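Here's the letter readout for the chains.
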Amino acid sequence: MLITMELSRTVSSLAHAHRFVTLIFAVGLVLPPALPSQTAKELIGDTCHNELQQRERRTLWSYIAERHSNNHVFREQVIETVDAPVRHLLAVDGDPPTSAQLKEENDRHQELLHNASRRHALQKQQDDDDKKMEELLLIIPEAFVFEDQGLEGQSEKIAFRPNPGFKPKTYEQRVLHALDGMVFVDLHDKRIVRLSGSLQTRIEFGYGLIGHVEQGGTTDITRVHLSPGVWKTSAEKINIDGRFVILKTINKHQDESRTSFEPVAPDTTFAQALNEIGKK
């Protein structure tokens, strides 16, 4: 039972594993341009070191998200808060939301507003994800082989592939270690501009009896510089398929772009964000 519960938590984090790679490479201090003699591994290592030093720094933002799902396009206003984000539907396939859709959204918002334990559960999930990111961050420089592909604009283009000498110790590390792709690093800030990668092998849990993630899963993530030291994801496409325990299907197909970023007060609560949306 304990193993099953742990694997269940792992499945819920598989989709995050791709994001982990992006944020791991992406978050760091504003630093001078890399020295010409700095190797790709050293550049990535510096960024990982800076991430560990800056993990507690967090800013909140509002933005417009355009999400593709089930052959529909959903346009939403998203406001990040200290507990759970507020997502307000603006349009579906270019048309205003129906009264039924707005009622469903309002019911969901009210349930979260009056259910502190549910909001705390969402926050705990985020905290757990952050902890896993820190753990993965520690292994990045040794988990991959990095190859400098040269300067492209203001970014350094770096190829990465699994280091055959690295032995993953957890399920998350196994998913991370299977990635192969390309990362573009802004040399001034040492932050990610874009990352694309794919799973080069089929990942099996319990020799495939418990579950697996299919080979060929992909991710393509783009980030934008918003203010000194602050970068946010502006577009992401994620595709993961597999199966887990008693034929439970793992499907993560996400296609979302984000624009119109605006800063939000660092202590903004869920209730305050709902109130802000209600004024519009």
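The structure presented is a predicted model; accordingly, all values stated were derived computationally and were not measured.

**Some remarks on the overall build of the chain**
Point 1. Each helix and strand in the chain was counted, giving six helices and 12 strands.
Point 2. Out of the 280 residues belonging to the chain, those deemed buried represent 43%.
Point 3. Of the accessible surface of the chain, which amounts to about 15,000 Å², a share of 53% is contributed by carbon and sulfur atoms.

**What to know about the side chain of R223**
Point 1. By the secondary structure assignment, R223 is in strand 10 (residues 218-227).
Point 2. Buried charge without a partner: R223 forms no salt bridge, and the closest opposite charge is E236, 8.1 Å away.
Point 3. Of note is the side chain of R223, whose polar atom sits 2.9 Å from the backbone oxygen of W231.

**What to know about the packing of helix 3 (residues 99-113) against helix 4 (residues 116-143)**
Point 1. Running from amino to carboxyl end, helix 3 crosses helix 4 at an angle of 90°, the nearest separation of the two axes being 6 Å. Considering their axes alone, helix 3 and helix 4 lie roughly perpendicular with respect to each other. The segment helix 3 lies against helix 4, with E111, L112 and L113 engaging R118, R119 and L122.
Point 2. The class makeup of the residues in the contact of helix 3 with helix 4 is three nonpolar, no polar and three charged.

**Topic: the pattern of salt bridges**
Point 1. In this structure the tally under the stated criterion is 17 salt bridges.
Point 2. As a salt-bridge pair, K124 and D128 come within 3.0 Å of each other at their nearest N and O atoms. Within this pair, K124 and its partner D128 are both found in helix 4, separated by four residues, close to a single helical turn.
Point 3. When the shortest N-O distance is used, the salt bridge between R258 and E236 registers 2.7 Å. Here R258 is found in strand 12 (residues 248-264), whereas its partner E236 is found in strand 11 (residues 230-244), with 22 residues between them in sequence.
Point 4. What makes R258 buried here is its relative accessible area of 16%.
Point 5. Through salt bridges with shared partners, a single ionic network connects R67, E76, R87, E236, E256 and R258.

**A look at the confidence of the model for the chain**
Point 1. Predicted confidence across the chain gives a mean pLDDT of 82, with 81% of residues reaching 70 or more.
Point 2. Contacts from residues 1-8, a stretch scored under 50 in pLDDT, to residues over four places away or in other chains number six contacts.

**Considerations on the packing of aromatic side chains**
Point 1. Per the counting criterion, the structure on display carries three aromatic pairs.
Point 2. Taken together, a centroid distance of 5.3 Å and an interplanar angle of 40° make the contact between Y63 and F261 tilted. Taken together, the residues span a long stretch of sequence, with Y63 in strand 1 (residues 60-69) and F261 in strand 12 at a distance of 198 residues.
Point 3. The class for F261 is buried, based on a relative accessible area of 14%.
Point 4. With a centroid separation of 6.2 Å and an interplanar angle of 55°, the aromatic rings of F144 and F146 are classed as tilted.

**Quick notes on the side chain of K232**
Point 1. Relative to the elements of secondary structure, K232 occurs in strand 11.
Point 2. At a separation of 2.8 Å, a polar atom in the side chain of K232 contacts the side chain of E80.
Point 3. Among all residues touching K232, those that are not within four sequence positions of it are W61, E80, T222, R223, V224, L226 and F261.

**Describing the environment of Q215**
Point 1. The topology assignment puts Q215 in the loop between strand 9 (211-213) and strand 10.
Point 2. What makes Q215 exposed here is its relative accessible area of 52%.
Point 3. Placed 37 residues apart in sequence, Q215 and A178 show a C-alpha to C-alpha distance of 9.1 Å.
Point 4. Leave out the neighbours within four places in its chain, and Q215 touches L199, Q200, T201 and R202.

**Some details on the nonpolar core**
Point 1. Ranked by size, the top nonpolar core spans 29 residues in total, and within it F144, F146 and I158 carry the most contacts.
Point 2. Counting residues per element, this core draws most heavily on helix 4, at five residues.
Point 3. Those residues in contact with I158 that lie beyond four places of it in its chain are A40, L43, I44, F146, E147, Q149, G181, M182, V183 and V185.
Point 4. By size, the runner-up hydrophobic cluster in this structure holds 10 residues, among which are L60, I79, A84 and I277.

**Let's talk about the packing of helix 3 against helix 6 (residues 270-278)**
Point 1. Contact geometry for helix 3 and helix 6: axes closest at 10 Å, N-to-C directions at 150°. Between helix 3 and helix 6, the angle falls in the class roughly antiparallel. Helix 6 is crossed by helix 3, and the crossing has left-handed handedness. For the pair formed by helix 3 and helix 6, the contact residues are H109, L112 and L113 on the first element and F270, A271 and L274 on the second.

Conventions adopted
Residues numbered from 1 in each chain as written. Predicted model: local features only at pLDDT ≥ 70, side-chain atom pairs only at ≥ 80, totals over all residues. Heavy atoms only, no water. Helix = DSSP H or I, 4+ residues; strand = E, 2+ residues; numbered from the N terminus. Buried < 20%, exposed > 50% of the residue type's maximum accessible area, 1.4 Å probe, protein only. Areas by Shrake-Rupley, 256 points an atom, 1.4 Å probe, with all protein chains shown as cover. Lys, Arg positive; Asp, Glu negative; His and termini not counted. Salt bridge = Lys/Arg side-chain N within 4 Å of Asp/Glu carboxyl O. Polar contact = N/O pair within 3.5 Å; in protein donor to acceptor, adjacent residues only side chain to side chain. Axes fitted to C-alpha atoms, helices over the stretch in contact; angles between N-to-C directions. Parallel < 35°, antiparallel > 145°, perpendicular 65-115°, else oblique. Contact = heavy atoms within 4.5 Å. Nonpolar A, V, L, I, M, F, W, Y, C, P; charged D, E, K, R; others polar. pLDDT = per-residue confidence, 0-100. Phe/Tyr/Trp six-rings, centres within 6.5 Å; stacked < 30°, edge-to-face > 60°. Core = buried A, V, L, I, M, F, W, Y, C linked by side-chain atoms within 4.5 Å. Left-handed = near helix turned anticlockwise from the far one by under 90°.

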